[in-house]
Amino acid sequence: HSGIEEGDSLSPREAAVMDLLVLGMTNDEIGQAIGISNRGAESHIVNVMFKTGIARRVLLAIWWHDVGPTYVVAQRRMPVRTQRENANNRGSRKLS
């Protein structure tokens, strides 16, 4: 039994970290794989441990393998500028 409450969820970044944790990667390897620091990877793992109440990496990996992905929040889409907007913004900059 995990300590995760109904309605609690993992962020998409926490899920990405967990996917790599299950493969046995170290914090350094996880960080390099997804472009964050090893401390960032560690922080995400600690957050998941707090949310689940699971305090050991190996048990956390087993939990993620078995049921974890069902607790992931759908990734929010951020507005993306079109190429035209980007081109217009570059053209409006003043050069010194």
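Just so you know, these numbers come straight off a predicted model, no measurement behind them. (Residues numbered from 1 in each chain as written. Predicted model: local features only at pLDDT ≥ 70, side-chain atom pairs only at ≥ 80, totals over all residues. Heavy atoms only, no water.)

## Considerations on the overall build of the chain
Inference 1: A count of helical and extended segments in the chain gives 5 helices and 0 strands.
Inference 2: Listing each helix as α and each strand as β along the chain from the N terminus yields α-α-α-α-α.
Inference 3: By the burial criterion, 26% of the 96 residues in the chain qualify as buried.
Inference 4: Of all intrachain contacts in the chain linking residues separated by at least 6 positions in sequence, the fraction that spans at least 24 positions is 58%.
Inference 5: Accessible area for the chain stands at about 7300 Å²; split by element, carbon and sulfur atoms hold 51% of it. (Helix = DSSP H or I, 4+ residues; strand = E, 2+ residues; numbered from the N terminus. Buried < 20%, exposed > 50% of the residue type's maximum accessible area, 1.4 Å probe, protein only. Contact = heavy atoms within 4.5 Å. Areas by Shrake-Rupley, 256 points an atom, 1.4 Å probe, with all protein chains shown as cover.)

## As for the side chain of Asn27
Inference 1: Relative to the helices and strands, Asn27 is located in helix H2 (residues 27-34).
Inference 2: Look past the residues within four positions of Asn27 in its chain and what remains in contact with it is Asn38, Ala41, Glu42, Ile45 and Arg57.

## Section: the environment of Lys51
Inference 1: Among the structural elements, Lys51 can be located in helix H3 (residues 38-52).
Inference 2: For the pair formed by Lys51 and Leu10, sequence separation is 41 residues and the distance between their alpha carbons is 8.2 Å.
Inference 3: Of note is the side chain of Lys51, whose polar atom sits 2.8 Å from the side chain of Glu14. (Polar contact = N/O pair within 3.5 Å; in protein donor to acceptor, adjacent residues only side chain to side chain.)

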